[in-house]
Amino acid sequence: MDAFGQQTGKVAGKNYSLIGFDDIEEAGFAAYNLTTIRQDVTGIVQRVMNRLSPVTDGGAQISGTDTVQVCLVERGTVITK
């Protein structure tokens, strides 16, 4: 974000929209004010481990998909009208 702005003179939220994906603490710092997606990382890891357990226990194959709930955390890096 910083490097892109320095190289192009463009500003997130003014010239383009930018959304992060992990809502780390730094995303909320005033210097970034990054719009991001909040997700339950611990819950996702647990679901992955539950899906992998049959594979590691006996060689079963994994199939199917899971849907993960996320929450949009709106800050200052998205152009709004």
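Residues numbered from 1 in each chain as written. Predicted model: local features only at pLDDT ≥ 70, side-chain atom pairs only at ≥ 80, totals over all residues. Heavy atoms only, no water.

Digging into a nonpolar patch on the surface
For step 1, the next point in the chain: On the surface, a cluster of nonpolar side chains totalling about 550 Å² of accessible area is made up of Val41, Val45, Val48, Met49, Leu52, Val55 and Ile62.
For step 2, the next point in the chain: Position of leucine 52 among the secondary structure elements: in helix α2 (residues 41–58).
For step 3, the next point in the chain: On the basis of relative accessible area, leucine 52 is assigned to the partly exposed category, the value being 35%. (Patch = residues over 30% accessible without salt bridge, like charges linked within 9 Å, V, L, I, M, F, W, Y side chains within 5 Å. Areas by Shrake-Rupley, 256 points an atom, 1.4 Å probe, with all protein chains shown as cover. Salt bridge = Lys/Arg side-chain N within 4 Å of Asp/Glu carboxyl O. Helix = DSSP H or I, 4+ residues; strand = E, 2+ residues; numbered from the N terminus. Buried < 20%, exposed > 50% of the residue type's maximum accessible area, 1.4 Å probe, protein only.)

Let's talk about the side chain of aspartate 23
For step 1, the next point in the chain: With respect to the helices and strands, the residue aspartate 23 is situated in the loop between α1 (2–8) and β1 (36–39).
For step 2, the next point in the chain: On the basis of relative accessibility, which here comes to 16%, the residue aspartate 23 falls in the buried class.
For step 3, the next point in the chain: Other than its neighbours up to four places away in sequence, aspartate 23 contacts Thr36, Ile37, Arg38, Val73 and Arg75. (Contact = heavy atoms within 4.5 Å.)

Things to note about the side chain of threonine 35
For step 1, the next point in the chain: Take threonine 35: it is sitting in the loop between α1 and β1.
For step 2, the next point in the chain: For threonine 35, a relative accessible area of 2% corresponds to the buried category.
For step 3, the next point in the chain: Of the polar contacts made by the side chain of threonine 35, one reaches the backbone nitrogen of arginine 75; its length is 2.9 Å.
For step 4, the next point in the chain: Those residues in contact with threonine 35 that sit more than four places away from it in its chain are Leu18, Ile19, Gly20, Leu72, Val73, Glu74, Arg75, Gly76, Thr77 and Val78. (Polar contact = N/O pair within 3.5 Å; in protein donor to acceptor, adjacent residues only side chain to side chain.)

Focus on the environment of asparagine 15
For step 1, the next point in the chain: Relative to the helices and strands, asparagine 15 resides in the loop between α1 and β1.
For step 2, the next point in the chain: With 63 residues separating them along the chain, asparagine 15 and valine 78 place their C-alpha atoms 9.2 Å apart.
For step 3, the next point in the chain: In this view, asparagine 15 contacts Gly9, Lys10 and Ile79; residues no more than four positions away in its chain are not counted.
For step 4, the next point in the chain: A distance of 2.7 Å separates a polar side-chain atom of asparagine 15 from the backbone nitrogen of valine 11.

As for the packing of aromatic side chains
For step 1, the next point in the chain: Evaluation of the coordinates by the stated rule reveals 1 aromatic pair.
For step 2, the next point in the chain: Ring geometry for phenylalanine 4 and tyrosine 16: centres 5.1 Å apart, planes at 85°, overall edge-to-face. With a gap of 12 residues between them, phenylalanine 4 in helix α1 and tyrosine 16 in the loop between α1 and β1 connect regions that are remote in the sequence.
For step 3, the next point in the chain: By relative accessible area, phenylalanine 4 is classed as partly exposed at 40%. (Phe/Tyr/Trp six-rings, centres within 6.5 Å; stacked < 30°, edge-to-face > 60°.)

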